[in-house]
Amino acid sequence: MNWAKLIKSLLVTLPCVLIACNTGENNIHLKTMDLLEYGIPITIEVPDSAKVKTMDWGIQKDISIGGAPGYSLQIFSSQVSTHDMAVAIKDLRQTVEDGVYFSKFIKEDTDGFIFEMMIDTVINYDFRHLKIQGDREYLFQAGMSDTFTREEIEKLYDVAKKAR
């Protein structure tokens, strides 16, 4: 077989295969889940295959939700530090910005933000979204053990913003 033809065929076929394999990966079917049984009065969209884990640290409760590629959320519930959302977000921004791997903010809202991190030469994305309900605050972020593309983080951020 002619090696030049084989290489050309592979160069044409490989991108098509990669694109075909990638379609549908981000099309996760979401359903509404009430997290009250896990100790927080939040309703959120989760994948059909969602797995919820909780840890109670005494002063803070940690709820981790995963179970589908590209979907890994962590929600921290604690006593409210301030009822002033602007002050709370400013403090969160400062904490993130002071991080070793912080690169830049991608999107900023009054109740949260998306940011980029650069770890060596690898770019990763994360977000923070804050809800204050009564004397409790709920901090949403991406799961800490996963890496995310910007598109995945934007979807998770939207899920967090829709949570009630």
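For the structure, see preceding data.
This section reports on the structure supplied with the text. The model shown is predicted, which means the values in this text are computed figures rather than measured ones.

1. A few points about the packing of aromatic side chains
Using the criterion set out here, one finds 5 aromatic pairs in the structure. Measuring from centroid to centroid gives 6.4 Å for phenylalanine 102 and phenylalanine 115, while their planes differ by 40°, and the two rings are tilted. Linking phenylalanine 102 in strand β6 (residues 102-109) with phenylalanine 115 in strand β7 (residues 112-119), this pair joins segments that are 13 residues apart in sequence. Accessibility expressed as a relative area gives 3% for phenylalanine 115, which makes it buried. When the centroid spacing of 5.3 Å and the interplanar angle of 90° are considered together, the rings of phenylalanine 105 and phenylalanine 113 count as edge-to-face. Neither phenylalanine 105 nor phenylalanine 113 differs from the other in exposure class; each is buried. Here the guanidinium or amino end of arginine 93 rests over the ring plane of phenylalanine 105, the centre of that ring lying 4.0 Å away.

2. Examining helix α2 (residues 85-97)
Here α2 contains 13 residues, and its C-alpha end-to-end distance of 18 Å stays within 8% of the 18 Å for a straight helix at 1.5 Å per residue. Taking the backbone nitrogen of alanine 86 as reference, a side-chain oxygen 3.1 Å away marks aspartate 84 as the first, capping residue of α2.

3. Details of the side chain of glutamine 74
For glutamine 74, the position within the fold is in strand β5 (residues 71-79). A distance of 3.0 Å separates the side chain of glutamine 74 from the side chain of aspartate 62, its partner in a polar contact. Contact partners of glutamine 74, with chain neighbours within four places excluded, come to Asp62, Ile63, Ser64, Leu139, Phe140, Gln141, Ala142, Gly143 and Met144.

4. A short note on the side chain of serine 77
Assignment of secondary structure puts serine 77 in strand β5. Among the residues examined, serine 77 registers a relative accessible area of 2% and is labelled buried.

5. A few points about helix α3 (residues 150-162)
When the terminal C-alpha atoms of α3 are compared, their 18 Å separation across 13 residues agrees well with the 18 Å that a helix rising 1.5 Å per residue should span. When we look at burial in α3, the residues that qualify are Glu152, Ile153, Leu156, Tyr157, Val159 and Ala160. For α3, the buried positions fall inside an angular range of 160° around the axis, keeping them on one side.

6. A word on the pattern of salt bridges
For side chains bearing opposite charge, pairing can occur when the charged atoms are close. Applying the stated criterion across every chain yields a total of 5 salt bridges. For the salt bridge of arginine 93 with glutamate 108, the shortest nitrogen-to-oxygen distance reads 2.2 Å. Of this pair, arginine 93 sits in helix α2 while glutamate 108 sits in strand β6, placing them 15 residues apart in sequence. Taking relative accessible area as the criterion, glutamate 108 reaches 47% and is therefore assigned partly exposed. One salt bridge connects arginine 150 with glutamate 154, and the closest N-O pair in it is separated by 3.1 Å. With arginine 150 and glutamate 154 both in helix α3 and 4 residues apart, this pair spans about one turn of that helix. A relative accessible area of 37% means that arginine 150 is categorised as partly exposed. Classification of glutamate 154 as partly exposed rests on a relative accessible area of 31%. Residues joined by salt bridges that share partners form a network here, namely Asp109, Asp111 and Lys161.

Definitions and cut-offs
- Residues numbered from 1 in each chain as written.
- Predicted model: local features only at pLDDT ≥ 70, side-chain atom pairs only at ≥ 80, totals over all residues.
- Heavy atoms only, no water.
- Phe/Tyr/Trp six-rings, centres within 6.5 Å; stacked < 30°, edge-to-face > 60°.
- Helix = DSSP H or I, 4+ residues; strand = E, 2+ residues; numbered from the N terminus.
- Buried < 20%, exposed > 50% of the residue type's maximum accessible area, 1.4 Å probe, protein only.
- Lys NZ or Arg CZ within 6 Å of the ring centre and 35° of its normal.
- Expected span 1.5 Å × (residues − 1).
- Polar contact = N/O pair within 3.5 Å; in protein donor to acceptor, adjacent residues only side chain to side chain.
- Contact = heavy atoms within 4.5 Å.
- Arc of directions from axis to C-beta.
- Salt bridge = Lys/Arg side-chain N within 4 Å of Asp/Glu carboxyl O.

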